[in-house]
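Coordinate inspection notes
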Amino acid sequence: MYRSHTCGELRLADAGREVTLAGWVQRTRKMGGMTFIDLRDRYGITQLVVDESASPALNEEAGKLGREYVVQVKGQVAERSSKNNRIPTGEIEVQLHSIQVLNASVVPPFTIEDDSDGGEEIRSRFRYLDLRRNPLKKALELRHKMAHEVRNYLDAQHFMEIETPYLIKSTPEGARDFVVPSRMNPGQFYALPQSPQTFKQLLMVAGYDRYFQIVRCFRDEDLRADRQPEFTQIDCEMSFVEREDILNTFEGMCKALFKNVLGRELEGQFPRISYADAMNYYGSDKPDIRFGMKISELTDLVKGHGFGVFDDAPYIGGICVSGAAEYTRKQVDELTEWVKRPQVGAKGMVYVRCNADGSFKSSVDKFYGPEQLAAIATAMQAQPGDLILILCGPRKKTQEALGTLRIEMGNRLGLRNPEEYAPLWVCDFPLLEWDDETQRFYAMHHPFTAPKPEDMDKFFSDKKEDLEQVCANAYDFVLNGTEVGGGSIRIHDAQVQKRMFEVLGFSEADAEERFGFIINAFRYGAPPHGGIAFGFDRFCALFGGQETIRDYIAFPKNNQGRDVMLDAPAGIDQVQMDELFLESKAPVVEQ
Ligand code: ASP
C-alpha cells in the first residue's frame, strides 16, 4: 500500500501511530534544527517534521525537496507543540523516519495556494496545476455532490437516465451547430446536439415516460458573458403530464438540492409569475426577486403637462429607490450618463427626490408642481427619503432599461446578497417572436413547444397580430436573476407540429427534410408530454455563490472558445483533410 492514511485524516487520537503518507510537497521551511514539510493531497495538508540532530541524512534529503515533488513518507504521529486550529490536522505532525521521492517536479509557474499569484492565462495553460488549488477542488466537489443528488432524487421519482447520441442531425435551439465531417459519407456532416430535445421526445413516443440525462450540449455562439461552447444540462422529459406536474416535480428536485447540498430548507411553493408581469414589474424575463424596487408604469399619470419628452413617449415608467434621496446632484448626473450607455439604452433620466421634510425636488420642476410630484410619489408608494428614477420610450425597450437600472441600484445598495436564494418560475411566454430584419417569426423557446390550448385558433390564423398573441405553454426556472432552467409542454400532434414549421417559414419539403422523423413519429401514438432542462454548470456556480461557471468545469474554454492548454482548435494534416474530402478556405496565418 502506498499510504496508510490520507493527508486530511490524522488527529490527536492517532498520536503514537506509525503511518505512511503520500502526496505533494506544498512547501518546506527550516526552523532551528528542524525541517517542516507541508504535505498535500486531495483531502488536506499534514505537517511533517525532520529533526536534524536525530537524523542528519534524512534532514539533508528533506532539504532537497522542491515544491510539488511527489513523495512517500513514513513516520510516527505526534502531538504538535504549536497547534494550527485553521486546519483539521493542525494538532498533530508526523515525525519522519523515511522520505522517498516518487517523482520530482519542475518549479510550477504559479503558487498552488488558495490565492495564487498566477494570472488567468497561465493558470488555464496549466489547468492540472490550477485544479490542485483548494477553491477549484471545492467547486468540483460541489459539482459532484449536485450531480449525485440530482440522480438520487430523479431515480427515486422513477426517472431513467438514458444516453442519446452526440453525432446527430441539427436540433434547433436557436444557436449555430458545431459540425463533424463524415469520412464514410463523403461531403456529409453530423451536427453536435445543441440539446437532446428531439431524442427525449422520441423516448416519450417509445414509452419511457420519465427520462433524464446529465448531458453535454454544444452551441457555436459568440461567447458573450459567461458561456461555454460545450456545457452540461440536466435534461428531463415526462409523459402524461400537465405544466403543474412538471413544475412540482422539479421544484421538488431544486428543494432537495438546496436541502442536501446547502443544508437549506426552502418553505412553500416557489412564486410563479407570468412573462408579462415579469416585464411590467421587473423589466426582465429573469427577475431577481431578492429585493423589491418594482417598476411602476406612469404613462397616463405624467402625460399632458407640457413636457414634450413624456408627451411623445409611448411608455413612461419608474423605480423608487428606498433611502436614496441623499444621492447628490453629481451622483444623479453620473447615473444619468450610466443609463445612456448602449448596454442600457435610455435617452435620458428624470428624477424626483422625496425630501425628508415631505417636499419634492425634481429635474422637471418646470412642468410638474408639488401636487403632481406628490401624485407620482403616491403612485410609486414612495416615502420621504426615497429617490424616484423615471425613463421613457418604446414599452419593451424602456422596461428592459428600467430592469437594468433596477439591478444596478440593487448592486449599489448591496441588496443582492449571494447567500440569499430567491427562486421563481416565469410562465406564459409568447410562443413566437417577430423579427423585422428577416421578416419572419422565430420560436421564442424552440419549435417543439406547444401553444396554450386556448390559443389554438389564433395559432392556425393567418394574421400576424393573432400569431403574435399566442401564448406558449413554456416556463423558466429563475434563481437570483439568472435563468437556470427552461422547458415546455410539447406539441404531440403531427398536424400542430407541421403548422409550427409552416409559421416559422419552413417549406413543406424543408420541414420534411429536417424534421420528417419527428413529425412521422407523432403519427404512431405520441403521448402528451413535456419537460425541462437545467443549465448544470450555472446551477453549480450559483450554489457556490460565484458569478462565473468556468471554475465549475474541470477543463473549460476561454472567451475565444479555445482550450489554451491543448491549444485547440487546431488545423489537421493534409491526409486527414483528404480522407474527409475537405479543402480549407481559411486565410493562411503567418506564424
Ligand atoms: N431543450 C431545451 C433547451 O435546451 C430545454 C427543454 O425544452 O427541455 O433549452
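Here is a short report on the structure shown in this document. (Residues numbered from 1 in each chain as written. Predicted model: local features only at pLDDT ≥ 70, side-chain atom pairs only at ≥ 80, totals over all residues. Heavy atoms only, no water.)

So, on to empty space enclosed by the protein. One pass over the structure, following the stated rule, counts 1 cavity of 30 Å³ or more. Approximately 100 Å³ is the volume found for the largest cavity. Taken together, E120, S124, R127, R550, F555, P556, K557, N558, R562, D563, V564 and M565 make up the full set of residues lining the largest cavity. (1 Å grid on protein atoms, 1.4 Å probe; cavity = no way out; pocket = protein on both sides within 12 Å on 5 of 7 lines; lining within 4 Å. Points joined across faces, edges and corners; volume = space filled by probe spheres on them.)

Compared with the 26 Å implied by 1.5 Å per residue over 18 residues, the 25 Å span of helix α12 (residues 395-412) between its first and last C-alpha is a close match. Among the residues of α12, T398, Q399, A401, L402, G403, L405, R406, E408, M409 and G410 are the ones counted as buried. Residues of α12 that are buried make contact with α7 (275-282), β13 (315-321), α10 (329-339) and β16 (387-393). In the segment just after α12, G414 is the residue with positive phi, at about 65 degrees. (Helix = DSSP H or I, 4+ residues; strand = E, 2+ residues; numbered from the N terminus. Expected span 1.5 Å × (residues − 1). Buried < 20%, exposed > 50% of the residue type's maximum accessible area, 1.4 Å probe, protein only. Contact = heavy atoms within 4.5 Å.)

This next bit is on the environment of L413. Note that L413 resides in the loop between α12 and β17 (423-427). Residue classification places L413 among the partly exposed positions, given a relative accessible area of 35%. Along the primary structure L413 and D130 are separated by 283 residues, whereas in three dimensions their C-alpha atoms are 34 Å apart. Sequence-distant contacts of L413, defined by excluding residues within four places in its chain, comprise M293, V321 and S322.

Interhelical geometry of helix α4 (residues 134-156) versus helix α17 (residues 536-543) gives an angle of 115 degrees and a closest axis separation of 10 Å. In this structure, α4 crosses over α17, and the sense of that crossing is right-handed. Facing L142, R143, M146 and A147 of α4, the residues of α17 in contact are F536, D537, F539, C540 and F543. Of the residues that constitute the contact of α4 with α17, the class distribution is 7 nonpolar, no polar and 2 charged. (Axes fitted to C-alpha atoms, helices over the stretch in contact; angles between N-to-C directions. Left-handed = near helix turned anticlockwise from the far one by under 90°. Nonpolar A, V, L, I, M, F, W, Y, C, P; charged D, E, K, R; others polar.)

By size, the foremost hydrophobic cluster in this structure holds 77 residues, and its most contacted members are L154, F250, F534 and F539. Residue contributions to this core peak at 9 residues, all from helix α6 (residues 243-262). Those residues within four positions of L154 in sequence are excluded, and the remaining contacts are F159, F212, I234, C236, F250 and M253. Core analysis: the next-biggest nonpolar cluster, separate from the first, contains 23 residues, F291, Y315, A401 and M409 among them. (Core = buried A, V, L, I, M, F, W, Y, C linked by side-chain atoms within 4.5 Å.)

This paragraph deals with the layout of surface pockets. Sizing a probe to match a water molecule and rolling it over the atoms shows the empty space that remains. Its volume calculated, the second largest pocket comes out at about 1,100 Å³. Looking at the lining of the second largest pocket, the elements with two or more residues in it are β1 (18-31), β2 (34-41), β3 (44-51) and α4. Ranked by residues supplied to the lining of the second largest pocket, first place goes to α4 with 5 residues. Among the residues forming the lining of the second largest pocket, the class breakdown is 8 nonpolar, 8 polar and 18 charged.

Here we come to a negative patch on the surface. A cluster of acidic side chains, namely E113, D114, D115 and D117, defines a negative patch on the protein surface. Tracing the sequence through the fold places D115 in the loop between β5 (92-103) and α2 (120-125). (Patch = residues over 30% accessible without salt bridge, like charges linked within 9 Å, V, L, I, M, F, W, Y side chains within 5 Å. Areas by Shrake-Rupley, 256 points an atom, 1.4 Å probe, with all protein chains shown as cover. Salt bridge = Lys/Arg side-chain N within 4 Å of Asp/Glu carboxyl O. Lys, Arg positive; Asp, Glu negative; His and termini not counted. Charge placed at Lys NZ, Arg CZ, Asp CG, Glu CD.)

Turning our eyes to something else, we now look at the sheet that holds β1. Reading around the circumference, β1-β2-β3-β5-β4 is the order of the 5 strands in this closed barrel, with mixed pairing throughout. Neighbouring strand axes in the sheet, compared pairwise and without regard to direction, differ in orientation by 55 degrees on average. Pairing between β2 and β3: 8 bridges, direction antiparallel. Its bridge partner being in β3, T35 is matched across the sheet by V50. Against the sheet, helix α1 (residues 56-63) touches β1, β2, β3 and β5, its axis set at about 65 degrees to β5. (Pairing = 2+ DSSP bridges.)

Relative to each other, α10 and α12 sit at 135 degrees, their axes nearing to 11 Å. Judged by the inter-axis angle, α10 sits oblique to α12. Classified by chirality, the crossing of α12 by α10 is right-handed. Along the contact surface, α10 presents E334, L335, W338 and V339, while α12 presents T404, L405, E408, M409 and R412. Its residues placed into classes, the contact of α10 with α12 shows 5 nonpolar, 1 polar and 3 charged. (Parallel < 35°, antiparallel > 145°, perpendicular 65-115°, else oblique.)

Take the packing of aromatic side chains next. A full pass over the atoms with the stated rule returns 25 aromatic pairs. A centroid spacing of 5.6 Å and a plane angle of 85 degrees characterise the contact between F459 and F460, whose relative ring orientation is edge-to-face. For F459, a relative accessible area of 0% translates into the label buried. Here the aromatic cluster, defined as three or more aromatic residues joined through ring pairs, consists of F159, F250, F258, F270, Y421, W425, Y475, F477, F534, F539 and F543. In this arrangement the basic side chain of K294 is found over the ring face of Y281, its NZ or CZ atom lying 5.4 Å from the centre. R440 extends its terminal NZ or CZ atom over the ring of Y442, reaching a point 3.8 Å from the ring centre. (Phe/Tyr/Trp six-rings, centres within 6.5 Å; stacked < 30°, edge-to-face > 60°. Lys NZ or Arg CZ within 6 Å of the ring centre and 35° of its normal.)

Along the chain, R499 falls in helix α15 (residues 494-503). For R499, the side chain forms a polar contact with the main-chain oxygen of F459, separated by 2.9 Å. Look past the residues within four positions of R499 in its chain and what remains in contact with it is F459, F460, S461, D462 and L467. (Polar contact = N/O pair within 3.5 Å; in protein donor to acceptor, adjacent residues only side chain to side chain.)

The subject of this paragraph is the pattern of salt bridges. Going through the model one piece at a time under the given rule, you end up with 39 salt bridges. Between K361 and D365 there is a salt bridge; the shortest N-O distance is 3.0 Å. Judged by relative accessible area, D365 falls into the partly exposed class, the value being 32%. E502 is the partner of R499 in a salt bridge, and the nearest nitrogen-oxygen pair spans 2.4 Å. Separated by 3 residues within a single helix, R499 and E502 lie in helix α15, roughly one turn from each other. Assessed through its relative accessible area of 48%, E502 is described here as partly exposed. Linked by salt bridges that have partners in common, R243, E244, E251, R272, D428 and K452 make up one network.

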